[in-house]
Amino acid sequence: MSEGRRKVVIVPCSGIGKTYGTVSREAAYEVVEDMRPAETQLVALSLLVLGDEDARAAVAGSPAVTIDGCKLACAAKMVEESGGTVAQDFAVLDVYRRHRQLKPKGIAELNEAGHELARVLAEEIAAVVDSLSRDDGGENA
Amino acid sequence: MPEFLETTVDKFIFRVATDRYYHSEGVWAQAEGNRVRIGLSDFLQQRSGDVAFAEVQPEGTVLAFDDEVAVIETIKADVSLASPVTGRVVEVNPAMEIAPEVINQHPYGEGWLAVIEASDWESDRARLLDSQAYFVEMKREAEEEAKRL
C-alpha cells in the first residue's frame, strides 16, 4: 500500500455482553491486526458515540466497513451520523444464516464455532477491503 | 389492516393486534373458518430477538393444544412455540425457509408461521386470551422484565 492512501475504517458493534457483538469485534481484530493491517484502521464505535474528534475525522475521511451484531445497526448508523460513508455493512446474523453449522455461543470467550464464524466474516471483510483499496488506488493513480 | 393496542415500556413499543386471539405465551391465532393462521405477537418477537432460523412443523403434522408447533432460533436463544390450536398443519409460510426475519419485521402480517386446520376451534378459543386480556398480561410481563434490566 502506498504512502498517503486512505485506510479503510473498520467499525464493529460495541454490544458488550452479546455473543454476536463479540463475533463482530473478533472479526474486526482479525482483519485489522492479522489479515490487512496496512490497509485498515479500527475505530471504536464508543468513540463515535462520544463524539471523539479523532474518531470522527477517521470515518469522515475514509470509506468505512461496519459490522453490526443486531438489526439496530448501531455501527452503520453512527458512521453515517458522524459524517462518514458506509462502503459496506456486514450483519453477523446474515453471515451465520449462510453458515448454520457455525452457531456462536459464549460472550467473553466464544466457542470454536463462534471463532470460526468470526474467521469467515473476517475473510469476507478482507475481500471488501481489497476491493475498496483497489478502487482507491485507481482514483489516486 | 388490523387495529392495535399499544404500550411503551422503557424504550420499547409493543403492539397487540385486536383482530385475533392469543396464547398466554404469545402466539396469536386468527380464524378463517376452521383454518387458523398463527404467528408471534410483537412482544414475543421483540423479547426473543432477531430470528436466524425458524423451523415449523411440516404440513400434515397433527398437533394438540400446547404442542410444540415451531422452534425459532434467535440471536438470544432457541424458543419453543406452543400451538394455540388443536388440529393439523395445512400450510407453512414459505418465508420461514428463506427469510425468517420477516417474523421480526411483520409479526402480525407476512411473518405468520402456519395455518392449522382446527378440529375444535371453539374449545381452543375458550382457552385463549382476547386482545385486551393479552394486552394486560403482556404489559405486566414487559414491565417486570424492564425492572430486571
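Small disclaimer: the values here were computed from a predicted structure and weren't measured. (Residues numbered from 1 in each chain as written. Chains lettered and ligands numbered in written order. Predicted model: local features only at pLDDT ≥ 70, side-chain atom pairs only at ≥ 80, totals over all residues.)

1. Considerations on the overall build of chain B
For step 1, the next point in the chain: Helix and strand content of chain B: five helices and eleven strands.
For step 2, the next point in the chain: Taking 149 residues into account, the globule formula puts the C-alpha radius of gyration at 15 Å, and chain B, at 14 Å, falls close to it.
For step 3, the next point in the chain: Here the C-alpha coordinates of chain B stretch approximately 40 × 30 × 25 Å along the principal axes.
For step 4, the next point in the chain: When the 149 residues of chain B are sorted by exposure, 42% land in the buried category. (Helix = DSSP H or I, 4+ residues; strand = E, 2+ residues; numbered from the N terminus. Rg over C-alpha atoms; globule rule 2.2 N^0.38 Å. Buried ≥ 20, exposed ≤ 12 C-beta atoms within 10 Å, placed from the backbone.)

2. Considering the confidence of the model for chain B
For step 1, the next point in the chain: With 100% of its residues at a pLDDT of 70 or more, chain B has an overall mean of 96.
For step 2, the next point in the chain: In the model output, the complex is listed with pTM 0.86 alongside ipTM 0.78. (pLDDT = per-residue confidence, 0-100.)

3. Here's the deal with the nonpolar core
For step 1, the next point in the chain: With 79 residues, the main nonpolar core has A:Leu121 and B:Ile38 as its most contacted residues.
For step 2, the next point in the chain: Looking at which element gives the most residues to this core, the answer is helix α6 (residues 112-140) of chain A, with eight residues.
For step 3, the next point in the chain: Look past the residues within four positions of B:Ile38 in its chain and what remains in contact with it is B:Val27, B:Trp28, B:Ala29, B:Val69, B:Pro84, B:Val85, B:Trp112, B:Leu113, B:Ala114 and B:Ile116. (Core = buried A, V, L, I, M, F, W, Y, C linked by C-beta atoms within 7 Å. Contact = placed C-beta atoms within 7 Å.)

4. Thoughts on the interface of chain B and chain A
For step 1, the next point in the chain: Taken residue by residue, the interface counts five residues in chain B and seven residues in chain A.
For step 2, the next point in the chain: Among the residues forming the side of chain B that touches chain A, the class breakdown is three nonpolar, one polar and one charged. (Nonpolar A, V, L, I, M, F, W, Y, C, P; charged D, E, K, R; others polar.)

5. Observations concerning the sheet that holds strand β3 (residues 63-68) of chain A
All names here are of chain A.
For step 1, the next point in the chain: Taken in spatial order, the four strands make up an open sheet running β2-β1-β3-β4, and their pairing is parallel. Looking along the sheet, the strands with just one partner apiece sit at the ends: β2 (40-42) and β4 (85-91). Adjacent strand axes in the sheet meet at a mean angle of 25° when their direction is disregarded.
For step 2, the next point in the chain: Pairing of strand β1 (residues 8-12) with β2 involves three bridges; the strand directions are parallel. (Pairing = 2+ DSSP bridges. Axes fitted to C-alpha atoms, helices over the stretch in contact; angles between N-to-C directions.)

6. Considerations on the pairing of strand β10 (residues 87-92) of chain B
Residues and elements named next belong to chain B.
For step 1, the next point in the chain: Here strand β7 (residues 62-63) runs beside β10; their pairing, made up of two bridges, is antiparallel. Within β10, the residue paired with Leu-63 across the bridge is Gly-87.
For step 2, the next point in the chain: Pairing of β10 with strand β11 (residues 114-118) involves five bridges; the strand directions are antiparallel. Bridged to Glu-91 within β11 is Val-115.

7. So, the environment of B:Leu44
Residues and elements named next belong to chain B.
For step 1, the next point in the chain: Tracing the backbone through its elements, the reader meets Leu-44 in helix α1 (residues 42-48).
For step 2, the next point in the chain: The class of Leu-44 is buried, set by 23 C-beta atoms lying within 10 Å.
For step 3, the next point in the chain: A C-alpha to C-alpha distance of 7.8 Å links Leu-44 and Glu-25, two positions 19 residues apart in sequence.

8. Thoughts on the pairing of strand β1 (residues 4-9) of chain B
Residue and element names in this part refer to chain B.
For step 1, the next point in the chain: Pairing geometry for β1 and strand β2 (residues 12-17), over six bridges, is antiparallel. Paired with Glu-6 across the strands is Arg-15, a residue of β2.
For step 2, the next point in the chain: Counted along the chain from β1 to the antiparallel partner β2, the turn is two residues long, and its residue Asp-10 has a positive phi close to 55°.

9. Topic: the sheet that holds β7(B)
All names here are of chain B.
For step 1, the next point in the chain: Spatial ordering of the open sheet is given by β3-β4-β5-β11-β10-β7, a layout of six strands whose pairing is antiparallel. The sheet is open, and its two edges are formed by β3 (21-22) and β7, each paired on a single side.
For step 2, the next point in the chain: Relative to strand β4 (residues 27-32), β3 is paired through two bridges, and the arrangement is antiparallel. Considered in β4, the bridge of Tyr-22 is made with Trp-28.

10. Remarks on helix α4 (residues 74-81) of chain A
Residue and element names in this part refer to chain A.
For step 1, the next point in the chain: When we look at burial in α4, the residues that qualify are Ala-75, Ala-76, Met-78 and Val-79.
For step 2, the next point in the chain: In this fold, the buried residues of α4 make contact with β1, α2 (45-50), α3 (53-61), β3 and β4.
For step 3, the next point in the chain: Backbone geometry just downstream of α4 places Gly-83 in the positive-phi region, at approximately 90°.

11. Things to note about the confidence of the model for chain A
For step 1, the next point in the chain: Summary statistics for chain A give a mean pLDDT of 92 and a share of 94% for residues scoring 70 or more.
For step 2, the next point in the chain: Per-residue pLDDT, averaged within each element of chain A, yields its smallest value for α6(A) (89) and its largest for β1(A) (98).

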